[in-house]
Amino acid sequence: MAVLKVKFTKTKRDKLAQILWILNWVSVVSGIILFSLGLFLKIEIKKRNEVMAKGDVNSVPNMLISVGVIACIINFLGGKICYDCSDANKFSRWKLVMLPYIVCTFCFTFCILVGSLMCYTMRNELEESLYLGLRDAIKFYKDTDIPGRCFLKKTVDMLQIGFQCCGNNGFRDWFEIQWVSPRYLNMASKEVLDRLKSNVDGKFLVDGVPFSCCNPSSPRPCIQYQLTNNSAHYNYDFLTEELNIWVKGCREALLDYYTAIMRSIGMAALLIWLFELSVLIGVRYLQTAMKNVLLLGDLEGESDGWLLENSFAETAKYNINIIKNLGKANQISTVSGMDDPNIDVQNTDCGKTNVTTKTIPAAS
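Residues numbered from 1 in each chain as written. Predicted model: local features only at pLDDT ≥ 70, side-chain atom pairs only at ≥ 80, totals over all residues. Heavy atoms only, no water.

Going by the annotation in an unreviewed UniProt entry, the name recorded for the chain is RDS2 protein, with Nyctibius bracteatus given as the source organism. What the UniProt record of the chain gives under Subcellular location (unreviewed entry) is the line "Membrane". (UniProt positions renumbered as here; feature names shortened; annotations may be inferred.)

Undergrad: Quick question: what am I supposed to make of the overall build of the chain here?
TA: Per the secondary structure count, the chain includes eight helices and two strands. Taken from N to C terminus, the helices and strands of the chain fall in the order β-α-α-α-α-α-α-α-β-α. Counting only residues that meet the buried cut, the chain has 37% of its 364 residues in that class. Sequence separation of at least 24 residues holds for 73% of the intrachain contacts in the chain that already meet a minimum separation of 6. Counting only carbon and sulfur atoms, one obtains 60% of the accessible surface of the chain, whose full area is about 22700 Å². (Helix = DSSP H or I, 4+ residues; strand = E, 2+ residues; numbered from the N terminus. Buried < 20%, exposed > 50% of the residue type's maximum accessible area, 1.4 Å probe, protein only. Contact = heavy atoms within 4.5 Å. Areas by Shrake-Rupley, 256 points an atom, 1.4 Å probe, with all protein chains shown as cover.)

Undergrad: Whenever I open this one, the packing of aromatic side chains confuses me. Can you help?
TA: Each aromatic ring pair is summarised here by two numbers: the centre-to-centre distance and the angle between the ring planes. Counted under the stated rule, the structure contains nine aromatic pairs. An angle of 80 degrees between the planes, with centres 5.3 Å apart, marks the rings of Phe-163 and Tyr-257 as edge-to-face. Here Tyr-257 lies in helix H7 (residues 250-296) and Phe-163 lies in helix H5 (residues 152-163), a separation of 94 residues in the sequence. On the basis of relative accessible area, Tyr-257 is assigned to the partly exposed category, the value being 28%. By way of ring pairs, the aromatic residues Tyr-141, Trp-174, Trp-179 and Tyr-225 are connected into one cluster. (Phe/Tyr/Trp six-rings, centres within 6.5 Å; stacked < 30°, edge-to-face > 60°.)

Undergrad: Is there a simple way to think about the nonpolar core in this case?
TA: Residues Leu-126, Trp-174, Val-209, Leu-227, Leu-254, Val-283 and Leu-286 are the most contacted members of the largest nonpolar core, which totals 76 residues. Secondary-structure elements contributing two or more residues to this core are helix H1 (10-47), helix H2 (59-84), helix H3 (88-121), helix H4 (123-139), H5, helix H6 (190-198) and H7. Here this core gets 18 residues from one element, more than from any other, and that element is H7. Composition of this core by domain shows at least three residues from each of domain 1 (3-139 + 252-313) and domain 2 (171-247). Beyond its immediate chain neighbours, meaning those up to four positions away, Trp-174 contacts Ile-138, Tyr-141, Val-156, Gln-160, Cys-166, Gly-167, Trp-179, Val-206, Gly-208, Val-209, Pro-210 and Cys-213. (Core = buried A, V, L, I, M, F, W, Y, C linked by side-chain atoms within 4.5 Å. Domains from an automatic or database assignment.)

Undergrad: Explain the side chain of Asn-168 to me, please; I cannot follow it from the model alone.
TA: Note that Asn-168 resides in the loop between H5 and H6. Setting aside residues no more than four positions away along its own chain, Asn-168 makes contact with Tyr-131, Leu-134, Arg-135, Ile-138, Asp-173, Gly-249, Cys-250 and Arg-251.

Undergrad: Where do I start with the state of the cysteines in this structure?
TA: By definition, a disulfide links two cysteine residues through a covalent bond between their sulfur atoms. Taken as a whole, this structure holds three disulfides when the rule is applied. Across the disulfide, Cys-166 is cross-linked to Cys-213 (sulfur-sulfur distance 2.1 Å). Given an S-S torsion of about 85 degrees, the disulfide between Cys-166 and Cys-213 has right-handed geometry. With Cys-166 in the loop between H5 and H6 and Cys-213 in the loop between H6 and H7, this pair connects stretches of sequence that are 47 residues apart. Just as Cys-166 is buried, Cys-213 falls in that class too. Between the sulfur atoms of Cys-214 and its disulfide partner Cys-222 the distance amounts to 1.9 Å. Taking the sign of the torsion about the S-S bond as the criterion, the disulfide between Cys-214 and Cys-222, at about -80 degrees, is left-handed. Overall, the relative accessible area of 15% leaves Cys-214 in the buried class. Overall, the relative accessible area of 30% leaves Cys-222 in the partly exposed class. Indicated for the chain is the disulfide connectivity 1-6, 2-3, 4-5, based on numbering the bonded cysteines in sequence order. (Disulfide = S-S within 2.5 Å.)

Undergrad: So what exactly am I meant to see when it comes to H5 here?
TA: Turn by turn, an α-helix covers 3.6 residues, leaving residues three or four places apart pointing in a common direction. For H5, with twelve residues, the first-to-last C-alpha span of 16 Å sits near the 16 Å given by 1.5 Å per residue. Every buried residue belonging to H5 is among Leu-152, Val-156, Asp-157, Leu-159, Gln-160 and Phe-163, and all of these are buried. Looking straight down H5, one finds its buried side chains confined to an arc of 160 degrees; they lie on one side. Residues of H5 that are exposed and point over 90 degrees away from its buried face: Lys-154, Met-158 and Gly-162. Elements in contact with the buried residues of H5: H4 and H7. Downstream of H5 by one or two residues, Gln-164 has phi in the positive range, about 50 degrees. (Expected span 1.5 Å × (residues − 1). Arc of directions from axis to C-beta.)

Next comes the structure, spelled out in structure tokens:
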């Protein structure tokens, strides 16, 4: 029994073909939107490429870009097919192409759904990439005179100012690394020498942060050094001075920024998927209705259209049997009693029955 069978008159078939022609052109626009969203996300990731470790963070934008290009091509072809389906004589040219086209379009719409879901599942990969990238960027913050690293100071400073953040996980990350270049340390100062000797690795560590961590909304001048020493500053308590510097880590700030973008893109891709799926269902109805009207021979009469010719269970069973028999196409069974309808072999009886045997006369 056919699934969701609908009866179409010639007028309904013509209207369905015209509507699908328009919707396919709208789908071309949706493909351009997918391409634009993927390109936008790729550019946004590229902007902070210096603070991201190499990984699969570009898989989502690359997939959206690819799906967008394919959408434009497939829907352009679909518009041409639906336009010709308004005429039964023109439909005969696409008769053999329609079913493969529907299968390919179904796989394509599935890719849109996967791309939409990837926007929501990419958070873990992005978080790891940001953690490793920011860790290295902060580590090389002081290397302003080393080729390949000289730009990291500006990058980190602009990042902390723009996203109102400090450090990787928080401002205390700066306490664990030497972020002041040795060229700006006074080696004649006893305080500097004592700090270098007090550290096992010989690093100049201070409980301070770069200027870019300062909050311009602070009611007092920014305190960058001796942040945890209350006695070093007048009327100061580092536990309550939240407005002095940014408290949020840059990893969390960037993660929230990209998560918001990807959620918006994922929702847009999901809506496009639903739209493409509805267009695909319409094309399936048009294909089966036109196919049946040709079988009936009355181009002006009514015809049935459906999603599946048989029930879901029968269709699934049929397709499973096709897959199972793919590897058996070139095999010939040698088991007795099994017949292969594709082989016409006449049985011959090589033994001779009812043959009279001649006896040799006994010697007298």
